[in-house]
Amino acid sequence: MSLVSLENTITITISVRDRHASAEWYSKMLGFELLYHLDEAGWSEMKTKTEGVTLGMGEQAEPQPGNSVPVFGVADIEKARGALEDADVKFDGATQTIEGMVSLATFYDLDGNAMMLAQDLKVTA
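Quick caveat, the model's predicted, so the values are computed rather than measured.

*Asks:* Describe in detail the sheet that holds strand 8 (residues 114-120), supporting the description with residues and values.
*Replies:* Pairing within the open sheet is mixed, and its 8 strands lie in the order 2-3-4-1-5-8-7-6. If you trace the sheet from one side to the other, it starts and ends with strand 2 (33-38) and strand 6 (96-98), each paired once. Sheet twist, expressed as the average angle between the axes of neighbouring strands with direction ignored, equals 25 degrees. With 7 bridges joining them, strand 7 (residues 102-108) and strand 8 adopt antiparallel strand pairing. Bridge pairing in strand 8 links tyrosine 108 to alanine 114. Its contacts with the sheet place helix 1 (residues 19-30) against strand 1 (6-16), strand 2, strand 3 (43-47) and strand 4 (53-59), and it is angled at close to 150 degrees to strand 4.

*Asks:* Can you lay out the pattern of salt bridges for me, pointing to particular residues and giving the numbers?
*Replies:* A complete count under the given rule lists 5 salt bridges for this structure. For the salt bridge of arginine 19 with aspartate 39, the shortest nitrogen-to-oxygen distance reads 2.9 Å. Of this pair, arginine 19 sits in helix 1 while aspartate 39 sits in the loop between strand 2 and strand 3, and the two are 20 residues apart along the sequence. Exposure remark for arginine 19: the relative accessible area of 2% places this residue in the buried category. Relative accessible area serves as the criterion here: at 45%, aspartate 39 is assigned to the partly exposed category. We note a salt bridge from aspartate 120 to lysine 122, for which the minimum N-O separation is 3.3 Å. When salt bridges that share partners are traced, they join Arg19, Asp39 and Glu59 into one network.

*Asks:* Go over the layout of surface pockets with me, naming the residues and quoting the values.
*Replies:* Of the volumes computed, that of the largest pocket is approximately 840 Å³. Taken together, the elements giving at least two residues each to the lining of the largest pocket come down to strand 1, strand 2, strand 3, strand 4, strand 5 (69-74), strand 7 and strand 8. With 7 residues, the top contributor of residues to the lining of the largest pocket is strand 1. Its residues assigned to classes, the lining of the largest pocket comprises 16 nonpolar, 14 polar and 8 charged.

*Asks:* Can you lay out the nonpolar core for me, pointing to particular residues and giving the numbers?
*Replies:* With 11 residues, the main nonpolar core is built from Val4, Val74, Ile77, Ala80, Ala83, Leu84, Phe91, Ala105, Phe107, Met115 and Leu117. Elements with a minimum of two residues in this core: helix 2 (77-86), strand 7 and strand 8. The element that contributes the greatest number of residues to this core is helix 2, accounting for 4 residues. With residues up to four places along the chain from it excluded, the contact list for alanine 80 reads Val4, Val74 and Leu117.

Parameters at a glance
Residues numbered from 1 in each chain as written. Predicted model: local features only at pLDDT ≥ 70, side-chain atom pairs only at ≥ 80, totals over all residues. Heavy atoms only, no water. Pairing = 2+ DSSP bridges. Helix = DSSP H or I, 4+ residues; strand = E, 2+ residues; numbered from the N terminus. Axes fitted to C-alpha atoms, helices over the stretch in contact; angles between N-to-C directions. Contact = heavy atoms within 4.5 Å. Salt bridge = Lys/Arg side-chain N within 4 Å of Asp/Glu carboxyl O. Buried < 20%, exposed > 50% of the residue type's maximum accessible area, 1.4 Å probe, protein only. 1 Å grid on protein atoms, 1.4 Å probe; cavity = no way out; pocket = protein on both sides within 12 Å on 5 of 7 lines; lining within 4 Å. Points joined across faces, edges and corners; volume = space filled by probe spheres on them. Nonpolar A, V, L, I, M, F, W, Y, C, P; charged D, E, K, R; others polar. Core = buried A, V, L, I, M, F, W, Y, C linked by side-chain atoms within 4.5 Å.

These figures come from the coordinates and say nothing about function on their own.
Following this line, the structure appears as structure tokens:
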């Protein structure tokens, strides 16, 4: 039995220079659908063709190709983080929250590969 109960979602994150241009490219080239642009946070997400998998794009002046970070959805980020911390999993700072959107916590595997936990805070109607 695992320490954390993951949801059936994963976000693959990449860094890009221009999220709007990248969203158009991914739409045209791969048929991804824009979910939203969160300009104040420099973030955009697209629905891929795979159920439960989204592509997240963080805007950076100098993107670093190859820095993809898997982001695993959880229902309760504090509970999930606590279970991993109790097992001596290393986290990178405090959990970050964008009110009304998402809470995120970066952690590392045994080899130092970064991964994230994400709790969706969006209210669905």
